[in-house]
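So the chains spell out like this:
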Amino acid sequence: MVLVSLIVLLVGLPVAAAEGGDGVTRVFFGSRAQLAELAARLDVWEVVYAAGRTDSGYVVAWVTEQDAARLATAGVRVEADRRLATAPETIPAYPCYRTIAELYAQLDVWAGQYPLLTELYAIGDSYEGRPLQVLRLTNEATGLDKPLFFLMANIHGRELITPEVAMAFIETLLTGYGRTPDLTWLLDHHRIEVLVSANPDGHVRNEAVQPWAYWRKNANPTYGWCDGTHFGIDLNRNSGFHWGGASQYPCDETYQGPFAVSEGETLAVQGFIGSLFPDQRPAGDTEPAPLDTTGIFITLHSYSNLVLWPWGYTDTLAPNAAELAALGRKLATYNGYTPQQAVALYPTTGSTDDWAYGELGIASYTFEIGSSLDGFYPPCSRYDALVEPNVRALLYAAKVSRAPYLLPYGPDALDVTADVEWAGEAQMMTVGAQIDDRYNGGRPISGAEAYVDIPPWEGGTPVPLVPSDGAYNSAVELVGGTFPLSSAISGRHTVYFRGRDVDGAWGPVTAAFAQPVHAIALAPAVLVAAGRPGAQITHTLALTNTGLVSETVTLMQSDTRWPTMIALSSVTPSSVTLGPGAVQPIALTVTIPLTVAEHLVEGHVVALDTVTVTASLSGTTELVRTAVVHTHALWASVLLPVVVRDAVPITAVAGRSPGFWSGGGWGR
Ligand SMILES: [Zn+2]
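About the criteria used
Residues numbered from 1 in each chain as written. Predicted model: local features only at pLDDT ≥ 70, side-chain atom pairs only at ≥ 80, totals over all residues. Helix = DSSP H or I, 4+ residues; strand = E, 2+ residues; numbered from the N terminus. Buried ≥ 20, exposed ≤ 12 C-beta atoms within 10 Å, placed from the backbone. Contact = placed C-beta atoms within 7 Å. Pairing = 2+ DSSP bridges. Core = buried A, V, L, I, M, F, W, Y, C linked by C-beta atoms within 7 Å. Axes fitted to C-alpha atoms, helices over the stretch in contact; angles between N-to-C directions. Parallel < 35°, antiparallel > 145°, perpendicular 65-115°, else oblique. Nonpolar A, V, L, I, M, F, W, Y, C, P; charged D, E, K, R; others polar. pLDDT = per-residue confidence, 0-100.

Trainee: Please explain the overall build of the protein chain as it appears in this structure.
Mentor: Scanning the protein chain for helices and strands turns up 12 helices and 30 strands. For the protein chain, the residues scored as buried account for 47% of the 668 residues in total. Looking at the protein chain alone, contacts between residues at least 24 apart form 72% of all its contacts between residues at least 6 apart.

Okay, here's the thing in structure tokens:
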């Protein structure tokens, strides 16, 4: 069969669907050019190549009975696809696929449940007026100017697994924040925006009891009513970068619209992406974006088990083809899909990912989720198997969104561990990790480092780690180290690990939490209060168990000269038992004698008592925390006679309490 006959045949098709007899059909092709022609007109669900070939095979497509007859007459081999011949007229009620209303209700729940981590807003409306809902995920307390990952799902209505993957990704991040180290730093230091459905009208038509099984396009009938069952514009052929090579026939499933960006959904998505990311690529088709480009965009489709990157509109390699392929292949290690340039499936013009990369230079990908056995409506038994590997791939994308053209070349830090113990006033950290370049180019590791609490991009101080076998010389190295912490932070630490290969490529960080098993804190370290002679002054300290297990803490006071009482008990030592994380207020009451030692300080007469409070873990001598409590007697007037009767160590006290003389409400 010659190409010309195929084009003429398809162009000549009537727009109205035949009465009955439509079905899922295999249409065979014998060249890449024929495949391209079929893909431009037919609703191609899947491309199946002949064994060992990429230029012949068949497409699986929804074909009307009339189309099938014309194709067959023209000599094109056409067969009913027995496997899918029983495709439903309407979607059955799959309990695992939420309706648009249910998806949006869950977004509302999360927005209410996680107000500090989320922002829910609409970026526009669908043709039928449904909002295009975006959930922003980031710790808002640390700002919004962060590396960005934009995830979009469901631009094709019938691809029902795609919003579910987006929802699972959101849920993983929100429920893991504060518990899982990587999910915590991701939301603290990165920003993730998720458009759960770019085509809610199309999704609704695939919901239970709706009479529109396999609806793909949007719901705009302006350019053709198409029997009421095939109208709409293919939103993934409507974007504004090299628009114009897809179907011009409104009743085709790949109808590109009357002009580029003709649809409100397309305009909203392009406007939103343009507002998120700076333009980092020079104009034209041949100039690459710089290697330090920031930002990733992934659009979720189904099905074909593919990870695709630009270009889709041409066989020519994208200017950043090497970098796009490096990250694409890495993402495919998580979901097990075939990574390839988008055009290798078949040519597509006006797609969102070509636009995002072409206009802005950001790393852009399409995932085609699921196999031909899954189809557009995978059985619920396949739900987890389709969702979980893709969530893992999306998490990796989020981790490298700071520099998607650099970080995937660097090794992964895996199996990270961090343990910290107090040793007197210092903390000793012991860390370990596996630095692994096997899925990042397979080059030998040349170094690894850890950062405590402050990650590399915030200017943290690296601690070099050493290989356990004594030499950096292979693609997988076990590394470790033990070092004192300069930071006096108590409680939980975040330790960031990263490795470098011999080409100098650093991989993304992987984090571990570390918290001392035994640890207590007594705060503040210095307390100052004042009163007139005869008064009872109550100071309050906070004793916290910052460790991981319950502890009995012994409290003592020393050095006091005025009557002093620790509230827990009138006798010392006293003790208190605290669970992990528990805070116990410690009230210390000092009675200022009517006759006290006096000083003249800056025109005021004062007298001073100092108590040192110690808290120690029963059974250890190393974990002792102290606080110093100063109590002053004061007089209002400098006219009183001044008699210094005691040599109170004023300067020593001042040295421990910088704010001591400068005010604080006891005389000025
Ligand atoms: Zn799709």
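Trainee: I tried to follow the pairing of strand β7 (residues 148-153) on my own but got confused; where do I start?
Mentor: Most of β7 sits out of view: 6 of its 6 residues are buried. Where β7 lies against strand β8 (residues 191-195), 5 bridges are found, and the strand directions are parallel. The partner of F150 across the bridge, within β8, is E193.

Trainee: Before we go on, may I ask you to explain the sheet that holds strand β19 (residues 493-501) in this structure?
Mentor: Hydrogen bonding along the main chain pairs the strands of a sheet, whether they run parallel or antiparallel. One open sheet holds the 4 strands; their spatial order is β16-β15-β19-β20, and the pairing between them is antiparallel. The two strands at the open ends of the sheet, each matched to only one other strand, are β16 (463-464) and β20 (510-514). One ladder, built from 5 bridges, connects β19 with β20; its direction is antiparallel. Along β20, the bridge assignment pairs V495 with A512.

Trainee: Just to check I follow, could you spell out helix α10 (residues 352-360) for this structure?
Mentor: Because an α-helix completes one turn every 3.6 residues, residues spaced three or four positions apart along the sequence face the same direction. Burial runs high along α10: 9 of the 9 residues are buried. Residues of α10 that are buried: T352, D353, D354, W355, A356, Y357, G358, E359 and L360. Those residues of α10 that are buried lie in contact with β7, α8 (264-276), β9 (296-301) and β12 (363-368).

Trainee: When you look at unusual backbone geometry in this model, what are you seeing that I'm missing?
Mentor: Phi is mostly negative for residues that are not glycine, and the peptide bonds are mostly trans. Following S302, the chain continues into Y303 via a peptide bond in cis, with omega recorded as 0 degrees. With respect to the helices, strands and loops of the structure, Y303 is situated in the loop between β9 and β10 (306-309). Unlike most non-glycine residues, Y214 shows phi in positive territory, near 70 degrees. Looking at the secondary structure, you find Y214 in the loop between α7 (200-204) and α8. We classify Y214 as buried; it has 23 C-beta atoms within 10 Å. Positive phi, normally seen in glycine, also occurs at D453, with a value near 70 degrees. As for its placement among the helices and strands, D453 is situated in the loop between β15 (445-452) and β16. On the basis of neighbour counts, which here come to 16 C-beta atoms within 10 Å, the residue D453 falls in the partly exposed class.

Trainee: What am I meant to see in the nonpolar core here?
Mentor: Grouped together as the largest cluster of nonpolar side chains are 115 residues, with contacts concentrated most on V59, L151, A166, V194 and A397. The biggest single contributor to this core is helix α11 (residues 383-399), with 8 residues. Those residues in contact with V59, other than ones at most four positions away along the chain, are V27, F29, L35, L38, L42, V44, E46 and V47. In this structure, A519, A530, L555 and V613 belong to the second largest nonpolar core, which totals 26 residues.

Trainee: Where do I start with the sheet that holds strand β17 (residues 466-467) in this structure?
Mentor: Strand order in the open sheet made by the 4 strands is β13-β14-β18-β17, with antiparallel pairing throughout. Of all strands in the sheet, those with a lone pairing partner are β13 (412-423) and β17, marking the two edges. Here 10 bridges tie β13 to strand β14 (residues 426-436), and the two strands are oriented antiparallel to one another. Along β14, the bridge assignment pairs V420 with M429.

Trainee: Which parts of the structure should I look at to understand the packing of helix α4 (residues 100-113) against helix α5 (residues 161-176)?
Mentor: In a pair of packed helices, the angle between the axes and the distance between the axes together describe the arrangement. Direction vectors running N to C along α4 and α5 enclose 10 degrees, while the axes themselves pass 12 Å from each other. The orientation of α4 with respect to α5, classified from their angle, is roughly parallel. In this structure, α4 uses L103, Q106 and W110 to contact α5, whose residues at the interface are P163, M167, I170 and L174. Within the contact of α4 with α5, the residues separate by chemical class into 6 nonpolar, 1 polar and no charged.

Trainee: When you look at the environment of S351 in this model, what are you seeing that I'm missing?
Mentor: Along the polypeptide, S351 turns up in the loop between β11 (338-341) and α10. Those residues in contact with S351 that sit more than four places away from it in its chain are N236, R237, S239 and G312.

Trainee: When you look at the packing of α5 against helix α6 (residues 181-189) in this model, what are you seeing that I'm missing?
Mentor: Two elements in contact, α5 and α6, have axes whose closest approach is 8 Å; the angle formed by their N-to-C orientations is 100 degrees. With respect to α6, the axis of α5 lies roughly perpendicular. Residue-level inspection shows T172, L173 and G176 of α5 in contact with α6, the latter providing L183, L186 and L187.

Trainee: Can you help me understand the environment of V24 in this one?
Mentor: In this structure, V24 sits in strand β1 (residues 23-29). Residue V24 is classed as buried on the basis of its C-beta count, with 21 C-beta atoms lying within 10 Å. Residues V24 and V60, 36 residues apart in the sequence, show an inter-C-alpha distance of 6.7 Å.

Trainee: I tried to follow the confidence of the model for the protein chain on my own but got confused; where do I start?
Mentor: In regions of low pLDDT, the predicted coordinates are not meant to be interpreted in detail. On average, the protein chain scores 87 in pLDDT, and the residues at 70 or more come to 87%. Note on residues 11-20: pLDDT is under 50 here. Beyond four places in sequence and across chains, it has 18 contacts. This model gives residues 637-668 a pLDDT under 50, and the stretch forms 40 contacts once residues within four places in sequence are excluded.

Trainee: Is there a simple way to think about the environment of A448 in this case?
Mentor: Here A448 shows up in strand β15. According to the C-beta neighbour criterion, A448 is buried, with 29 such atoms within 10 Å. Spatially, the C-alpha atom of A448 lies 8.5 Å from that of V463, the residues being 15 residues apart in sequence. Not counting the four nearest positions on each side in its chain, A448 is found in contact with A433, I435, L465, V479, F497 and G499.

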